[in-house]
Amino acid sequence: MSEFRIHHDVNELLSLLHVRGGDGAEGYIDLLQKHRTPYVTTTVSAHSAKVKIAEYSKTPEDFLRKYDELKSKNVRNLDPLVYLLSKFTEDKETLQCLQQNAKEKSEASANVTSSTTTTFAIPSTSTKMSMQELEELRKKLGNVTATSTVPQSAEATRKNLRDKHNKKNPTQPNPVFPNWVYDRPALIGDFITSSTPMGDPVLAIGTLPLATQEQALVEDLLFVLIGVDGRDITAQPVLGRQNRSFIVDPTLDMSIKELVNRILPVASYYSTLTRFTEEKSSFEYGQVNHALTAAMRTLMKEYLILVTQLEHLHRQGMLSLQKLWFYIQPTMRTMEILASIASSVDKGDCMGGSTLSLLHDRTFNYTGDSQAQELCLYLTKAASVPYFEILEKWIYRGIIKDPYSEFMVEEHELQKEKIQEDYNDKYWDQRYTVVQHRIPSFLQKLADKILSTGKYLNVVRECGRDVTCPDAKEVLYTLKERAYVEQIEKSYNYASKVLLDFLMEEKELVLRLSSIKHYFLMDKGDFFVHFMDLTEEELKKPVDDIVPPRLEALLELALRMSTANTDPFKDDLKIDLMPHDVITQLLRVLAIETKQEKAVINADPTDVTLSGLEAFSFDYIVKWPLSLIINRKALTRYQMLFRHIFYCKHVERLLCNVWISNKDAKQYSLHSAKWFAVAFALRQRMLNFVQNIQYYMMFEVIEPTWHIMENNLKSASNIDDVLCHHTSFLDNCLKDCMLTNPELLKIFSKLMSVCVMFTNQMQAFTNSMRLDRLSLEHGAIKGPPSQSERAQDAEKRKLTSKFVAEHVHALQTDAGFENTISKFDSNFSTLLLDLLDKLSIYSTNDCEHSMINIIYRLDFNGFYTDRLERMAIERSQKAVA
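Definitions and cut-offs
- Residues numbered from 1 in each chain as written.
- Predicted model: local features only at pLDDT ≥ 70, side-chain atom pairs only at ≥ 80, totals over all residues.
- Heavy atoms only, no water.
- Helix = DSSP H or I, 4+ residues; strand = E, 2+ residues; numbered from the N terminus.
- Buried < 20%, exposed > 50% of the residue type's maximum accessible area, 1.4 Å probe, protein only.
- Contact = heavy atoms within 4.5 Å.
- Areas by Shrake-Rupley, 256 points an atom, 1.4 Å probe, with all protein chains shown as cover.
- 1 Å grid on protein atoms, 1.4 Å probe; cavity = no way out; pocket = protein on both sides within 12 Å on 5 of 7 lines; lining within 4 Å.
- Points joined across faces, edges and corners; volume = space filled by probe spheres on them.
- Nonpolar A, V, L, I, M, F, W, Y, C, P; charged D, E, K, R; others polar.
- Patch = residues over 30% accessible without salt bridge, like charges linked within 9 Å, V, L, I, M, F, W, Y side chains within 5 Å.
- Salt bridge = Lys/Arg side-chain N within 4 Å of Asp/Glu carboxyl O.
- Pairing = 2+ DSSP bridges.
- Lys, Arg positive; Asp, Glu negative; His and termini not counted.
- Phe/Tyr/Trp six-rings, centres within 6.5 Å; stacked < 30°, edge-to-face > 60°.
- Lys NZ or Arg CZ within 6 Å of the ring centre and 35° of its normal.
- Core = buried A, V, L, I, M, F, W, Y, C linked by side-chain atoms within 4.5 Å.
- pLDDT = per-residue confidence, 0-100.
- Axes fitted to C-alpha atoms, helices over the stretch in contact; angles between N-to-C directions.
- Parallel < 35°, antiparallel > 145°, perpendicular 65-115°, else oblique.
- Left-handed = near helix turned anticlockwise from the far one by under 90°.
- Expected span 1.5 Å × (residues − 1).
- Bend = angle between axes of the 7 residues up to and from the residue.

Engineer: Would you mind going over the overall build of the chain with me for this structure?
Structural biologist: What the chain contains, in helices and strands, is 32 helices and six strands. Sorting the 881 residues of the chain into buried and exposed places 41% on the buried side. Put simply, of all contacts in the chain between residues at least 6 apart along the chain, 75% involve residues at least 24 apart. Summing over all exposed atoms, the chain offers an accessible surface of approximately 48800 Å²; the carbon and sulfur share of this is 55%.

Printed below as a string of C-alpha cells:
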C-alpha cells in the first residue's frame, strides 16, 4: 500500500470517527508505516475471519448475507476489511471506544431526524375520517414510501450522470440518445411483458401426445431463447436488477418439463445481457462500459447465430428437445459468465476503472478454467482500450481527456497564480488527484507513478513547451503486468528527467534557493550591517508611520552597495510589513488544529503598536514553475526564520550600543558603585547569550542542514524528491531553532524582552549622564589651546567627572537603580535557567540532540550545572510523589 493510500485512508477514518487535534494524520501514518506487514490476507485467513465475526455477531445471518452481497458486487479490499474487523473482536478496549462513538453518533442523528421528520396529524379513532382526509393521508404516506423504497429508474440515473458531467464540463455537454430509443421497447430485443393477460389456450398442451408436446416446446424454446414469449412458456416481469423467471404450462409432461427447466437459464442470461447492453451502452455510463457492451454484443451475435441455426434444423424436423439441450450446453457456460459479469457491474454501479477492476479480478479467478479465463480476457482487453487511450495521453503528454470521469486521475480547477499568494493553496497536491475507486486493481501499485508522470509533463506544458515521451508505445492489457509496467516506468523516468532538468538548468532552482538564503537566512553579513545601519532610524518608528517606498529605496541602496550586488535575482527581494510580531505569528501557526486554536485566533489584539523592527520582514517574487517549490507556505517559513534571526540581531546591536556607552562611562569615577559593576556583568551575560544563540542557529543548524539539502538535491531523481528535501530543510531549521515548540518559544521571547528592557534602562541612564555632562561643559575653543587653557580644561573635566559620579550615585540611591538592575539580573537568570532546563528535557526525552549544543555553549564552564541538577532532582521527586 502506497503512502498516498495510507494517508487517504487515515484521513477518512479520522473524519468518520470525528477525531480532532493531536498530531493529525501524520502521527498515525508514521506509526502504521513502522508496523505494517507486506503480507496480504489469503482466502483461508479471510474465511476464518468471516467465521469468527459470524460467531461474535448477534445476527450472523445478516452479516453473512451482507458479505455475500458485497462479494457479488466485487467490492475492493473486502477480505482485508473483514480480517481487520475480526481483529477488533479480540480488542475489548477498541470495541468499547467504537461502541461509544457509534452511540454518540446515533443520538446526534436521532436528534437531527426528530427535528426534520415530517409529522402527520392522524385524527382520533373516536371520530370518523372523511373521504377527503383519508385521500390526503394516503397521498402523504404514498409520497414517503415512494421516496424511501422505490429504486431509482434508469432514466433518473442517466439524468443524474448527465447533470454531474455537465456541471463539471459545462462547455462540453454529453451526447444523448433520442427519446424514441427508450420509448420503443420492441427495439431492445428483450421480452415485452404485456399488462393484459393472454387468453386461455384452446387446448392444454398436457393433453397432447408426448411427441407433439416435445415439438411444441422446442418451438417455444427457440422463441424464448431470443427474447420472445412462447405459447406455453412466458416470461415474468422483472423489477430492478432481478433475474428473469419464466412460467411453464403446468400440464406439461414432467420429463419434458425437467429438460425445459434446464434450458431456460440460458434465456434468463440472454435477457440479463440484453437489458445490460441496452442500458450501459448509453453515453452517460462512459466509454469503458460502452466498449464492454460492444464486446458482449459481439459474443451475443454468435449466440443468436447458433439459435438461428437451431431454428433451421427445427424447420427441417431434425431438432429434438434432447438435441437442443446438447447444442445449447457449450453456450450456456459462456452466457452464464457474461450474465454474471453484467449483474456485478450493474449491482456495483461500476464505471471506468472499477469496471476494469471487476473484469481483471474475474479473469484471475478463472485461472483453472482456460475457456472462461480466455472469455474474460477478451472482455477486459476490449473494455480497457478507451481507458488506456486516456492513460497514454496522460503519461506521454500530460493531457487529461476524460469526458465521462472514468480515469483514475481527476483534474480540479485551480489557478497556479494563487500559489504565490495563498498560504493554504495546495496546487501541487490538489490540481490533480487520484480517485481511489477509479483505479483498476492491476494498476493499483503504479497509481502514484501514473499521477506523478502526468503532473511532471503538465508543468512543462504549462510553461509553453510541447513535450511527448520518445518511447511512447500503445499500452495493451495483458495478464503479464510487466508489459505495461515497463511502459509506465519509461514514461515516468522521462517525465521526471524533463521537469527536473527544466527547473534545475533552465530555471536555475539551486541559484534561486541560494539567493533566498542570502537574504532570509542572513547569508550576506555585510549587506545586513549596511541595511540595518541605513534603516535603523526608520524601523524605530511605529509601523503605521513607516513609509514603505522609503524602505524599498533604502533596501535598493543597501543591495547596490554590498556584495549582494552580484546576485542576479536581487531585484526579486521586497519589503513586507507584517500585522503581527514573530512570536504571535508562530504561536498562531502552532495552534492550528489544536484545542488552543480558537482561543488564540479569537484573542483580543493588543493595544501596543508594533514598531517597524517587530513588523519587518522580507518577501520574494517567485514565478511559475519555481513557485511549485518556493510556494507561499515555504516563503512563510523562510519569513519566520528571518524575523527570528533578525530580531536576535537587533537585540545584539542594542546590547553592543550599551557596551559602547559603558566604555564612555568608564572615564568617570563610577567604579565605587556596585550596581554599575553588576550592570556591566549582566550586559555581558546577555550579549553572550544572544551571540551564542545566533551562532547556534546560523552555524549549527542552518548551514549543516543547508549542505545536506544541497547534496540531496544533486541526487534527486524527480520534483517530488526536491519538494520533500526542501520542505525537510525548512522543517528541521524551524524545529532546531526552537520555533515549533510553544513552551521554548515563550521562554525565549521573555528572555529577549528582558534584554530589550535592560538596554532601554541603560540607555536612559547614559543619556541622563551625558546631558549632565553637557550642561557643565560650556564654551568653545577657538584656535589651538594654550598651556594654561589645557590645564583649565583638564581641571574642568576632573570636576565634571566628580560631579557626574556624585550625581549618578544620588540618582541610583533615590530612584532605586540598584534594585532595578538586581531585578533584571534575577529575571534573566531565572528565565535562562528555565530555558536550559527545558532544553535538557527535550534533548533527552525527544532525542533532539542538536538542541543540547545550546547548553554546551551557554554552560561552557559549568556555571549553571549545579542548579540544573538540583532542578532535575526536584522534578524527579515531584514525579515520584
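That was the structure; now back to the text.
Engineer: Help me understand the environment of Pro403, please; the structure alone is not making it clear to me.
Structural biologist: Checked against the element boundaries, Pro403 lands in the loop between helix H15 (370–397) and strand S3 (409–411). We classify Pro403 as partly exposed; its relative accessible area is 24%.

Engineer: Help me understand empty space enclosed by the protein in this model?
Structural biologist: Over the atoms, a rolled probe matching the size of one water molecule traces out where space is still vacant. Within the structure shown, the criterion is met by two cavities of 30 Å³ or more. Forming the boundary of the largest cavity are Met532, Thr535, Glu536, Leu539, Lys540, Leu613, His650, Arg653 and Leu654. Those elements giving two or more residues to the lining of the largest cavity turn out to be helix H20 (525–539) and helix H25 (632–665). Here the element with the most residues in the lining of the largest cavity is H20; it accounts for four residues. Along the lines of polarity and charge, the residues of the lining of the largest cavity split into four nonpolar, two polar and three charged.

Engineer: How should I be thinking about a nonpolar patch on the surface in this particular structure?
Structural biologist: Taken together, the side chains of Leu81, Leu84 and Leu85 define a hydrophobic patch exposed on the protein surface, amounting to about 240 Å² of accessible area. Relative to the helices and strands, Leu81 is located in helix H5 (residues 78–88).

Engineer: For this particular structure, what's the right way to read the pairing of strand S6 (residues 616–620)?
Structural biologist: Where a strand is regular, its side chains alternate between the two sheet faces. Taken across its five residues, S6 has five buried, putting it largely inside the fold. By the alternation rule, side chains of S6 split into Phe616, Phe618 and Tyr620 and Ser617 and Asp619, which are all buried. Of the strand pairs in this sheet, strand S5 (residues 573–577) and S6 are connected by five bridges, and their pairing is antiparallel. Along S6, the bridge assignment pairs Leu573 with Tyr620.

Engineer: What should I look at first to understand the side chain of Glu392 in this one?
Structural biologist: Secondary-structure assignment places Glu392 in helix H15. Look at Glu392: it is buried, it has no salt bridge, and the nearest opposite charge is Lys393 at 8.6 Å. Those residues in contact with Glu392 that lie beyond four places of it in its chain are Arg397, Lys473, Glu474 and Val475.

Engineer: Quick question: what am I supposed to make of the packing of aromatic side chains here?
Structural biologist: Pairs of aromatic rings are described using the distance from one ring centre to the other and the angle between the two planes. Under the defined criterion, the tally for this structure stands at 31 aromatic pairs. Seen in terms of ring centroids, Phe326 and Tyr327 are 5.6 Å apart; in terms of plane orientation they differ by 65 degrees. Their pairing is edge-to-face. On the accessibility criterion, Tyr327 (35% relative accessible area) is partly exposed. Members of the aromatic cluster, each reached through a chain of ring pairs, are Tyr519, Phe520, Phe527, Phe528, Phe531, Phe616, Phe618, Tyr620, Tyr638, Phe642 and Phe646. Sitting over the ring of Phe680, Arg683 keeps its end group 5.5 Å from the ring centre.

Engineer: Which parts of the structure should I look at to understand the nonpolar core?
Structural biologist: Soluble globular proteins tend to pack their nonpolar side chains together in the buried interior. Membership of the largest hydrophobic core comes to 112 residues, with the highest contact counts inside it found for Phe527, Phe618 and Phe689. Looking at this core element by element, the count peaks at 15 residues for helix H26 (residues 674–715). Ignoring sequence-local partners within four residues, the contact set of Phe689 consists of Phe748, Leu751, Met752, Phe828, Leu832, Leu835 and Leu858. The next biggest cluster of nonpolar side chains, apart from the first, holds 83 residues, and it includes Leu217, Leu319, Trp325 and Val434.

Engineer: What am I meant to see in the confidence of the model for the chain here?
Structural biologist: Caution is warranted with low-pLDDT regions, since their predicted coordinates should not be read in detail. Scored by pLDDT, the chain has a mean of 76; 71% of the residues are at 70 or more. Least confident of the elements in the chain is helix H23 (residues 597–601), whose mean pLDDT is 47; most confident is H15, at 91. Every residue in residues 116–127 is under pLDDT 50, and counting partners more than four places away or in other chains gives four contacts. Across residues 144–151, confidence stays below pLDDT 50; counting only partners more than four residues off in sequence or on other chains, it has two contacts.

Engineer: Please explain the packing of helix H13 (residues 321–347) against H15 as it appears in this structure.
Structural biologist: The angle between the axes and the distance between the axes are what describe a pair of packed helices. It is at 11 Å that the axes of H13 and H15 come closest, and there the two elements cross at 45 degrees. Here H13 is positioned oblique relative to H15, judged by the angle of their axes. Judged by the sense of rotation from one axis to the other, the crossing of H13 with H15 is right-handed. Side by side, H13 and H15 meet where Arg333, Thr334, Ile337, Leu338 and Ile341 of the first sit next to Ala372, Leu375, Cys376 and Leu379 of the second.

Engineer: Would you explain the pattern of salt bridges in this entry?
Structural biologist: In a structure, side chains of opposite charge can pair up when their charged atoms sit close to one another. Scanning the model with the defined rule gives 28 salt bridges in all. The closest approach of N and O atoms between Asp571 and Arg560, which form a salt bridge, is 3.2 Å. Separated by 11 residues along the polypeptide, Asp571 in the loop between helix H21 (548–560) and S5 and Arg560 in helix H21 bring together distant segments of the chain. Judged by its relative accessible area of 36%, Arg560 falls in the partly exposed class. The partner of Arg632 in a salt bridge is Asp619, with the nearest N and O atoms 3.3 Å apart. Of this pair, Arg632 sits in helix H25 while Asp619 sits in strand S6, and the two are 13 residues apart along the sequence. An identical accessibility class is assigned to Arg632 and Asp619; each is buried. Linked by salt bridges that have partners in common, Arg333, Glu336 and Asp369 make up one network.

Engineer: Hey, could you run me through unusual backbone geometry in this one?
Structural biologist: In most cases, non-glycine residues show a negative phi, while peptide bonds are predominantly trans. Of the consecutive residues Trp624 and Pro625, the connecting peptide bond is found in the cis state with omega at 5 degrees. Tracing the backbone through its elements, the reader meets Pro625 in the loop between S6 and H25. Although it is not a glycine, Glu508 adopts a positive phi angle of roughly 50 degrees. Here Met738, not a glycine, exhibits a phi torsion of approximately 70 degrees, which is positive. Within the element layout of this structure, Met738 appears in the loop between helix H27 (719–736) and helix H28 (742–776).

Engineer: Just to check I follow, could you spell out H15 for this structure?
Structural biologist: Given 3.6 residues per turn, any residue in an α-helix points the same way as the ones three and four places further on. Between the first and last C-alpha of H15 there are 38 Å, a value that for 28 residues agrees with the 40 Å anticipated at 1.5 Å per step. The largest bend along H15 measures about 40 degrees and falls at Val385, with the proline Pro386 one to four residues further on. Taken from the residues just after H15, Gly398 is the one with a positive phi, measuring 75 degrees.

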